Amino acid sequence: MWGPASIFQGEGCRTVPLSGHVGFDSLPDQLVNKSVNHGFCFNILCVGETGLGKSTLMDTLFNTKFEGDPASHSQPGVQLKSSTYDLQESNVNLKLTVVSTMGFGDQINKEDSYKPIVEFIDAQFEAYLQEELKIKRVLHNYHDTRIHACLYFIAPTGHSLKSLDLVTMKKLDSKVNIIPIIAKSDAISKSELTKFKIKITSELVSNGVQIYQFPTDDESVAEINGTMNAHLPFAVTGSTEELKIGNKMMKARQYPWGTVQVENEAHCDFVKLREMLIRVNMEDLREQTHTHHYELYRRCKLEEMGFKDTDPDSKPFSLQETYEAKRNEFLGELQKKEEAMRQMFVQRVKEKEAELKEAEKELHEKFDRLKKLHQDEKKKLEDKKKSLDDEVNAFKQRKTAAELLQSQAQQAGGSQTIKRDKERKNFF
């Protein structure tokens with residue numbers, strides 16, 4: 001803290017005594033008032049298998065009932081659901097965002113279960129980076145959706161971490177502050193729980209998983225944070241049901257064999273989690289997200305885009321030169337792609353023309369075959385017609401001859417009848 005009669009002495013600075021009150025010792029109060037008026041945001045990612053009590057723990061942590069339907073085990077893949085709430089305590093406003101993983105660990109093939117989570121975290125970083133890179137930025141009113149804390153729910157098996165848990169935490173540790181917790185810790189005994197914590201810590205260290213460590217550089221919280229680091233992972237139990245225990249109403253879970261008090265540190269680590277997550281280290285979680293995880297993403301992203309701090313001669317790198325170089329590189333790649341597409345188009349056109357010519361040739365051959373077949377059929381029909389015409393003419397000739405013979409026969413018969421009649425008359 002700054003004293004009333006001196007200012008901070010750093011490198012190149014000297015102590016100057018003040019002859020009276022100046023007023024810059026009110027800067028902390030100004031910051032507090034400005035922050036309170038503006039409000040705060042805090043984003044929590046809950047990762048864990050369905051049925052481990054993620055929603056119940058969120059309700060218990062913030063002493064409220066958040067909206068939401070229970071997730072089923074029939075999800076085809078991992079889906080992330082984000083819900084934002086405006087909370088107020090005393091005169092402090094908090095915009096809380098809770099992101100839950102629906103269907104995590106429910107699939108037969110769990111190999112890529114972590115990918116939607118990583119993509120979601122990167123998407124929030126990308127959205128913030130795009131806002132930063134705008135010419136007209138409105139970061140003071142921007143709703144920061146970057147994940148500040150990841151509560152990783154571990155099933156109370158009492159044996160060891162699942163391979164899914166190790167792989168997921170390993171993929172997330174460079175992108176978010178991971179706080180591992182043993183969910184539904186009242187499902188195993190105290191001795192098993194102690195061994196389980198040691199086993200989890202050992203496996204995390206042996207697999208190189210970096211979980212969030214509560215900071216010990218601030219003297220005011222160094223002792224409590226150092227103590228709480230030794231209690232990780234926290235074994236918690238959540239409940240929104242209140243039971244009367246003694247003369248007080250407490251959040252608890254009622255079982256046939258007894259009652260588990262959520263806020264009793266002898267029963268579970270819920271109070272420790274709440275103290276460390278919200279009351280002591282919330283601002284550090286926000287700061288770590290911005291200064292460590294987001295900066296790592298931002299640096300890698302800008303390096304991919306070709307931006308550097310210095311050129312090969314260790315001189316300050318010109319943003320304009322970088323832009324022009326990237327623009328020329330982009331235009332060159334664009335021209336290459338355009339030329340490749342043009343060549344592909346020409347090739348496709350040639351192939352299509354060849355196909356059309358082949359089809360045309362086949363059609364001509366088919367037409368010639370059909371034409372020849374038609375001519376043959378026509379010749380056959382003409383020959384058959386001629387044959388039929390000859391038969392008709394022959395028939396007509398035979399008919400005419402027959403009619404002529406019949407007429408001659410009739411004439412001959414008539415003459416004989418007249419002769420007989422004359423002879424009969426002469427006789428009489």
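The coordinates are above.
The structure presented is a predicted model; accordingly, all values stated were derived computationally and were not measured. (Residues numbered from 1 in each chain as written. Predicted model: local features only at pLDDT ≥ 70, side-chain atom pairs only at ≥ 80, totals over all residues. Heavy atoms only, no water.)

1. Focus: the sheet that holds strand β4 (residues 149–154)
Read across the sheet, 6 strands follow the order β2-β3-β1-β4-β5-β6 without closing on themselves; strand pairing throughout is mixed. Each of the sheet's edge strands pairs with one partner strand only, and the pair in question is β2 (79–89) and β6 (234–235). Note: β2 against strand β3 (residues 92–102), 11 bridges, orientation antiparallel. Considered in β3, the bridge of Q79 is made with M102. (Pairing = 2+ DSSP bridges. Helix = DSSP H or I, 4+ residues; strand = E, 2+ residues; numbered from the N terminus.)

2. Description of helix α4 (residues 163–172)
Taken together, the buried positions of α4 are L164, D165, L166, T168, M169 and L172. Contacts from the buried residues of α4 go to β1 (40–47), α3 (115–132), β4, β5 (178–182) and α5 (190–206). (Buried < 20%, exposed > 50% of the residue type's maximum accessible area, 1.4 Å probe, protein only. Contact = heavy atoms within 4.5 Å.)

3. Quick notes on the packing of aromatic side chains
Evaluation of the coordinates by the stated rule reveals 10 aromatic pairs. Ring centres of F104 and Y152 lie 6.4 Å apart, and the angle between their planes is 90°; on these two criteria the pair is classed as edge-to-face. Here F104, found in the loop between β3 and α3, pairs with Y152, found in strand β4; they are 48 residues apart in sequence, far enough to count as distant. Each member of the pair F104 and Y152 is classed as buried. An aromatic cluster is defined as three or more aromatic residues linked by ring pairs; in this entry it consists of F125, Y128, Y142, Y294 and Y297. Over the ring of Y128 we find R146, and its NZ or CZ is 3.7 Å from the ring centre. We note R146 situated over the ring of Y294; from NZ or CZ to the ring centre the distance is 4.8 Å. (Phe/Tyr/Trp six-rings, centres within 6.5 Å; stacked < 30°, edge-to-face > 60°. Lys NZ or Arg CZ within 6 Å of the ring centre and 35° of its normal.)

4. Description of the packing of α3 against helix α8 (residues 282–304)
Between α3 and α8, the shortest axis-to-axis distance is 10 Å and the interhelical angle comes to 80°. With respect to α8, the element α3 is oriented roughly perpendicular. On α8, the residues that touch D122, F125, E126, Y128, L129 and E132 of α3 are T289, H290, H293, Y294, Y297, R298 and K301. When its residues are assigned to classes, the contact of α3 with α8 shows 5 nonpolar, 3 polar and 5 charged. (Axes fitted to C-alpha atoms, helices over the stretch in contact; angles between N-to-C directions. Parallel < 35°, antiparallel > 145°, perpendicular 65-115°, else oblique. Nonpolar A, V, L, I, M, F, W, Y, C, P; charged D, E, K, R; others polar.)

5. Points about the side chain of D144
Among the structural elements, D144 can be located in the loop between α3 and β4. What makes D144 buried here is its relative accessible area of 9%. One polar contact links D144 to R146, side chain to side chain, over a distance of 2.8 Å. Apart from the residues lying within four places of it in its own chain, the contact partners of D144 are C41, N43 and Y128. (Polar contact = N/O pair within 3.5 Å; in protein donor to acceptor, adjacent residues only side chain to side chain.)

6. Side note on the pairing of β1
Extensive coverage of β1 is indicated by the burial of 7 of its 8 residues. As paired strands, β1 and β3 are joined by 7 bridges and run parallel to one another. Considered in β3, the bridge of F40 is made with L94. Note that β1 and β4 share 4 bridges and pair parallel. What sits directly across from V47, in β4, is Y152.

None of this, on its own, says anything about what the molecule does.
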